[in-house]
Amino acid sequence: MSVLGQDGFMVSGSVVDESGVPLSGASIIENNTSNGVVADFDGNFSFEVANRNATLTISYIGFETQEIPINGKSEIKVIMHSTASTLDEVVLVGYGAVRKKDLTGAISQVDAATLSDQSTNSVTDVLRGNVAGLSIGLSSSPKGTSQIRIRGNNSLSAGSSPLIVVDGMIYNGDLSDIAPSDIDKLDVMKDASSAAVYGARGASGVILVTTKRGTSDKPTININTSVGLATDAYKERPYDAQGYASWRTEVFKSINPQNTIDNPGRYNNPNNLPSGVTLDQWLAYDGSAGDPTRAWLNRIGFQDVEIQNYLEGKSINWYDRIMQTGFRNDINTSISGRNGGLNYYWSIGRTSNEGIVNGEKFEALRSRLNLDAKITDWLTVGMNTQFAKRDEGFIAADRIQIERSSPWGSEFDDKGNIRLSPQDDNGAGAVNAFLGQKFNDRIDLDHTFNSRVYAKLELPLGFSYEIGYTNRLEFQEYYNHASASSPANVVGSAERQTTKINEWQLDNILRWEKSIDKHSFNVMLLVYGEKYQSYFTRAKANTFEPSDALGYSALELGTVQTVDSEDVTSTGDAIMTRLNYNYDSRYLLTLTTRRDGYSAFGANNKRAYFPSVAAAWTISNESFFNSEFVDFLKFRLSYGENGNRDIGRFTALSRLGADKYLNVDAGGNVITVPTFDNQTQENTELRWERTKATNLGLDFSLANGVFEGSIEAYQNITNDLIVTRQLPNIIGFNNVVTNLGEIENKGLEFTLTTQNYNRENFVWNTSFNFSLNRNKIRKLYGDIGEDGKELDDITNQRFIGQASDVIWGQEAIGIWQINEAAQAAEYGVFPGDWKIRDVDNSGDFTVDDNVFQGHRSPRFSWAMSNKFTLLKNIDFSFEVYSNWGQKRVFNEAKNRNGFIDRTNSVQTPYWTPDNPINDYARLFSSDGGSNFAIWRDASFIRLSNITVAYRFPKPILEKLSLQSLRVYANARNIAVYAPHWDFYDPEPTNIDGRNSNGSTDPSLPTPRFFTFGIDLSL
């Protein structure tokens, strides 16, 4: 950007720190103008100012801002002095930006560039552990994206995921389409005042993603490539061949305790009979004859193929067959720079990640083009475009077969054909893990194109106008052929599925900025519109004639064909105004109101208003405030209302279910009759969930920026919750979606960054954050009981005064022991079975015995990162984060998952009379008349990341003709401390204790990553 005076004067120079290290990216601005440049990689700058008497303002994050008069000098060397302060960082606030010190809302910022050597796999990896109040699950897939939640769950059935905004564009695509290497900064809006500019989209918080731009006048080519390995991080293994036979012996002893007593050693290996039992006696227990080993294997449920392989000594290690060390490769190239009025950034990258299960893989090709061009002093135009192609058509082996397939089974039959079941017992869930890979042909591709074009006009009297148009196109293709050749398929089947999504957004923004003495005003008016359209078609066929060899390429050959389709359209609009007032950087005020409309709500409630107000008092800028230790102290208070429209697009409408039935006409012919059934009743009054949020904040900086942080306290109350109520059958509809109930979230957050040591050859910085959230259902459906109190929803386990994720049910309190056999018998169970709390001492178990047992979400979380710079060129960092107080389902402690008398199992402890433990049941335990789940404390502390990097010094770079060169090594998911959890990973994909597929199964291994990378700039 350049504004020249009549007698322009060229000035050049360099910006370095106290050790002489160039400060690339330092800002040099001519005072009282918008004329300025950014220092290049070597810290150099050159530009024209109005005249030889101009004054320059030089700033850089973490250093004191300096004002330097030129005084006719054409060469200037600037030495910056460290303050460790980040208060001058620019933070996005939605349709605008302010300095961090001038914020009135609760916004946290993550500098993604500082994490570039951590081999982050997705946006969620960049955010994890870096923002107080932000919860992110842990993905086990090679794709790597996880659930995100800000400040708790504020709904019972509507979505609670935050809004994502990328470069001003509301982003509804897949997070895996955003390349982490393209991200510059992420700003997380946590309070209603900050998110109010997005109105109905901001009730669950907002994450603003800013991608990279050109920073140097010289074109810069950056190449970042990395290779790595993904390994199974956990020690859980199934029983091996010898251990399997011994374990099955114990299983049958536990299933048939009386047989074991009446016939000592009945299930023992004949080579290990009890004292006093002869082989002839042992054989006579069931009249067996012939080979004793064969008789024993029959008694413990071995199938013929297992017996034959056991006798021949042929076994399979299914863990080694199914699991793998995955190879990972990532390469990203970008070209960026500034040339006159043009700022450009173009990148292209390819990711190929294998998982830790055989055949598991994710591939993506991503490209981004950012252009900003200052055409004249009054017109700037630009474009932010993102393209991505995802391939998710890879078929992984069935990992669960590690726990089900017998090590004495066979993968192939005598003719070399793949078997349906290794032990010929597919009814028990033991099927060949590789059937899907061998007999399925699949294509699963997703192409997305997101682009925003804009124009900004500078108008007289401090006004400016911006118009932006965003378009998102997405094409999804899914083709699958399940061959009739598979022993699992009676007939062949195939399908073709295509989805096209077209979405546009149009925003018009009018701004007015004015400064009068110490008063600064910033007013913004937004008029916004959007439209979403999707077109879905699916065709299926099976029972092909003459064969299914062509699969999905010839569906017309299928004798049974079906087609279904769905077209979806929704529209939205909004008007928003915001006023920012700043008096002398002491008193700050933000007023916002937004009117939103969305087509999915009832005909009488399609629009709503969402106001907010925020104020801040910078106490440290007052004349009476005089402290050599406290540099900055600001008090913030905000209140706002936001809506939630994440409810589906046809929720308010009456819906019919379509089906087809076979009937016989008068002539005796079988005909197909289409039918329609009423499902959901229309609700013309359906309205927005509304969150009313209050936030109290304190920002501080101490000891010249050595300590910086913030403290937040908040309360969010969401009412008019979207819920589905069942209707009496006589009405003709099954249910209706309506607004009932109220949820509260309140909590505390604390963030602290410290500069522990700062010398020429050793720098040590620490970041720490802590958060806790308490969730409570305040109201439900308004149904009043006989005692005059509102009734709970027992069916859906929703209780007034309790959290929405509370655990309620019959409670396991230990294991029945031998000396308690008589008591156990009263409940229909045996020693070794779980003991359940009989709350009412009735002798049986009903809903009256249910108790509250904890929560599925963490009671508090914390994270800490430490970064070191050694000898100027060596960077070392590690990160730790913790979730504490949450529980997860752990029914593995029942020791009867599946058919353990017919399949294998992951090794877990189990109760026996000789091993009377109190936290795992006997093998094939019984629940008796109870209905319960085992819940375990899943609190953990995770060492999530260790990184070492070396930056080559300038003399070497000059010899290699490079601007920069860095090599790094990184390890992620290194270790976990979980004092009460000893089975796979204590952390689920989703925050509420579930995995991404909705299951609560804890036996899902997560990978450990080792990566080596090179990052160079030309």
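Quick caveat: nothing in here was measured; it's all calculated off a predicted structure.

Draft legend 1. Structural context of the overall build of the protein. When helices and strands are counted, the protein shows twelve helices and 48 strands. Here the C-alpha atoms of the protein give a radius of gyration of 33 Å, agreeing with the 31 Å that 2.2 N^0.38 yields for 1018 residues. Expressed along its principal axes, the backbone C-alpha trace of the protein runs to roughly 115 × 70 × 65 Å. Relative to its full complement of 1018 residues, the protein shows a buried share of 51%. Only carbon and sulfur atoms are counted for the fraction: they give 52% of the accessible area of the protein, which is about 44900 Å².

Draft legend 2. Spatial organisation of helix H6 (residues 292-299). Taken together, the buried positions of H6 are Thr293, Ala295, Trp296, Leu297 and Arg299. Residues of H6 that are buried make contact with helix H3 (241-255), helix H5 (279-284) and helix H7 (304-312). Where H6 begins, one side-chain oxygen reaches toward the backbone nitrogen of threonine 293, 3.0 Å away; that side chain belongs to aspartate 291. In the stretch just after H6, glycine 301 is the one whose phi turns positive, near 80 degrees.

Draft legend 3. Geometry of the pairing of strand S24 (residues 493-516). Pairing of strand S23 (residues 463-482) with S24, which is carried by 20 bridges, proceeds in the antiparallel orientation. Within S24, the position partnered with tyrosine 469 by the bridge is leucine 506. Taken together, the 24 bridges between S24 and strand S25 (residues 519-544) define a ladder with antiparallel strand orientation. Residue pairing in the sheet places threonine 499 in a bridge with phenylalanine 536 of S25. Linking S24 back to S25 in an antiparallel pair, the connection comprises two residues, with aspartate 517 at a positive phi of about 55 degrees.

Draft legend 4. Representation of a nonpolar patch on the surface within the structure. A cluster of nonpolar side chains, namely Ile221, Ile335, Trp346, Ile348, Leu365, Phe387, Phe449 and Leu1018, defines an oily patch on the protein surface of about 600 Å² accessible area. Note that tryptophan 346 resides in strand S19 (residues 342-354). Tryptophan 346 gets classed as partly exposed once you look at its relative accessible area, which sits at 38%.

Draft legend 5. Structural view of the environment of leucine 965. Among the structural elements, leucine 965 can be located in strand S47 (residues 964-977). The class of leucine 965 is buried, set by a relative accessible area of 13%. Along the sequence, leucine 965 and serine 1017 sit 52 residues apart, while their C-alpha atoms lie 6.5 Å from each other. The contacts of leucine 965, once residues within four sequence positions are left out, are Tyr950, Arg951, Phe952, Leu957, Leu960, Ile1014, Asp1015 and Leu1016.

Draft legend 6. The packing of H6 against H7, seen in detail. The interhelical angle for the contact between H6 and H7, taken along N-to-C directions, is 140 degrees, at an axis separation of 10 Å. If you check the angle between H6 and H7, you find them oblique. Handedness of the crossing formed by H6 with H7: right-handed. Contacts between H6 and H7 pair Thr293, Arg294, Trp296, Leu297 and Asn298 from the former with Ile307, Gln308, Tyr310 and Leu311 from the latter. Its residues assigned to classes, the contact of H6 with H7 comprises five nonpolar, three polar and one charged.

Draft legend 7. Region of the structure containing the pattern of salt bridges. Going through the model one piece at a time under the given rule, you end up with 56 salt bridges. Salt-bridge contacts for lysine 253 lead to glutamate 250; the nearest nitrogen and oxygen are separated by 3.8 Å. Pair noted here: lysine 253 and glutamate 250 are both in helix H3, with a separation of three residues, about one helical turn. By relative accessible area, which is 24% here, glutamate 250 ends up partly exposed.

Draft legend 8. Region of interest: the environment of glycine 843. Structurally, glycine 843 can be placed in the loop between strand S40 (834-836) and strand S41 (851-855). Exposure remark for glycine 843: the relative accessible area of 34% places this residue in the partly exposed category. Sequence separation of glycine 843 and glycine 929 is 86 residues, and the distance between their C-alpha atoms is 9.9 Å. The contacts of glycine 843, once residues within four sequence positions are left out, are Glu826, Tyr827 and Asp838.

Draft legend 9. Region of the structure containing the pairing of strand S5 (residues 55-59). In this structure, strand S2 (residues 27-30) lies alongside S5, joined through four bridges in antiparallel fashion. Pairing of glutamate 30 across the sheet is with leucine 56, part of S5. As paired elements, S5 and strand S6 (residues 66-69) share four bridges and run antiparallel to each other. Looking across to S6, one finds that threonine 57 is bridged to glutamate 67.

Draft legend 10. Broad picture of the sheet that holds S5. Strands sit in the order S3-S2-S5-S6 across an open sheet of four strands; the sheet is antiparallel. What marks the edges here is a single partner per strand, and that holds for strand S3 (36-38) and S6. Each strand of the sheet is rotated relative to its neighbour by a mean of 20 degrees, with strand direction disregarded.

Draft legend 11. The arrangement of the side chain of asparagine 384 in detail. Its place among the elements puts asparagine 384 in strand S21 (residues 379-391). Within the structure, asparagine 384 has its side chain in polar contact with the side chain of asparagine 370 (distance 3.3 Å). Filtering out sequence-adjacent residues up to four positions away, asparagine 384 remains in contact with Asp167, Arg213, Arg368, Leu369, Asn370, Asn450, Ser451, Arg452 and Tyr454.

Draft legend 12. Fine view of H7. Restricting attention to buried positions, one finds in H7 the residues Val305, Glu306, Ile307, Asn309 and Tyr310. Contacts made by the buried residues of H7 are with H3 and H6. Glycine 313, located one to two residues past H7, shows a positive phi value of around 75 degrees.

Draft legend 13. Inspection of unusual backbone geometry at higher detail. The omega angle of the peptide bond from glutamate 545 to proline 546 is 0 degrees, so this bond is cis rather than trans. Relative to the assigned elements, proline 546 resides in the loop between S25 and strand S26 (558-583). If you check the backbone angles, aspartate 424 has positive phi at about 55 degrees while not being a glycine. Structurally, aspartate 424 can be placed in the loop between helix H9 (401-404) and helix H10 (435-439).

Draft legend 14. Geometry of the packing of aromatic side chains. The tally for this structure, following the rule as stated, stands at 35 aromatic pairs. Ring centres of phenylalanine 610 and tryptophan 688 lie 5.7 Å apart, and the angle between their planes is 75 degrees; on these two criteria the pair is classed as edge-to-face. Of this pair, phenylalanine 610 sits in strand S28 (residues 607-618) while tryptophan 688 sits in the loop between strand S31 (670-681) and strand S32 (689-702), and the two are 78 residues apart along the sequence. The structure contains a cluster of three or more aromatic residues connected by ring pairs, namely Tyr239, Tyr244, Trp247, Trp296, Phe302, Tyr310 and Trp408. The ring of tyrosine 532 is capped by arginine 649, whose NZ or CZ atom sits 3.5 Å from the centre of that ring. The residue whose ring lies beneath arginine 759 is tyrosine 757, and the NZ or CZ to ring-centre distance is 5.1 Å.

Draft legend 15. Region of the structure containing the sheet that holds strand S35 (residues 735-739). If you walk across this open sheet you meet the four strands as S30-S31-S35-S34, and the pairing is mixed. Since the sheet does not close on itself, it has two edges, and those belong to strand S30 (655-664) and strand S34 (722-726), each with one partner. Pairs of neighbouring strands in the sheet enclose a mean axial angle of 30 degrees, with direction left out of account. Pairing geometry for S30 and S31, over ten bridges, is antiparallel.

Draft legend 16. Seen up close, the side chain of serine 451. Turning to its location among the elements, serine 451 is positioned in strand S22 (residues 440-458). At 2.9 Å, the side chain of serine 451 and the side chain of threonine 385 are in polar contact. For serine 451, the contacting residues outside a window of four places in its chain are Met169, Met383, Asn384, Thr385, Tyr469, Thr470 and Asn471.

Draft legend 17. Structural view of the environment of serine 547. Within the secondary structure, serine 547 sits in the loop between S25 and S26. For the pair serine 547 and alanine 245, spaced 302 residues apart in sequence, the C-alpha separation works out to 43 Å. A polar contact is formed between the side chain of serine 547 and the backbone nitrogen of alanine 549, at a distance of 3.3 Å.

Draft legend 18. Quick peek at the nonpolar core. Judged by nonpolar contacts, the single largest core of 24 residues is most densely connected at Trp834, Phe890, Ala893, Ile934, Trp981 and Phe983. Residues in contact with alanine 893, not counting those within four places in the same chain, are Trp834, Asp919, Tyr920, Ala921, Ile934 and Arg936. Of all hydrophobic cores here, the second largest spans 23 residues; its members include Ala245, Phe252, Tyr310 and Ile900.

The rules behind the values
- Residues numbered from 1 in each chain as written.
- Predicted model: local features only at pLDDT ≥ 70, side-chain atom pairs only at ≥ 80, totals over all residues.
- Heavy atoms only, no water.
- Helix = DSSP H or I, 4+ residues; strand = E, 2+ residues; numbered from the N terminus.
- Rg over C-alpha atoms; globule rule 2.2 N^0.38 Å.
- Buried < 20%, exposed > 50% of the residue type's maximum accessible area, 1.4 Å probe, protein only.
- Areas by Shrake-Rupley, 256 points an atom, 1.4 Å probe, with all protein chains shown as cover.
- Contact = heavy atoms within 4.5 Å.
- Polar contact = N/O pair within 3.5 Å; in protein donor to acceptor, adjacent residues only side chain to side chain.
- Pairing = 2+ DSSP bridges.
- Patch = residues over 30% accessible without salt bridge, like charges linked within 9 Å, V, L, I, M, F, W, Y side chains within 5 Å.
- Salt bridge = Lys/Arg side-chain N within 4 Å of Asp/Glu carboxyl O.
- Axes fitted to C-alpha atoms, helices over the stretch in contact; angles between N-to-C directions.
- Parallel < 35°, antiparallel > 145°, perpendicular 65-115°, else oblique.
- Left-handed = near helix turned anticlockwise from the far one by under 90°.
- Nonpolar A, V, L, I, M, F, W, Y, C, P; charged D, E, K, R; others polar.
- Phe/Tyr/Trp six-rings, centres within 6.5 Å; stacked < 30°, edge-to-face > 60°.
- Lys NZ or Arg CZ within 6 Å of the ring centre and 35° of its normal.
- Core = buried A, V, L, I, M, F, W, Y, C linked by side-chain atoms within 4.5 Å.

Geometry only, nothing functional implied.
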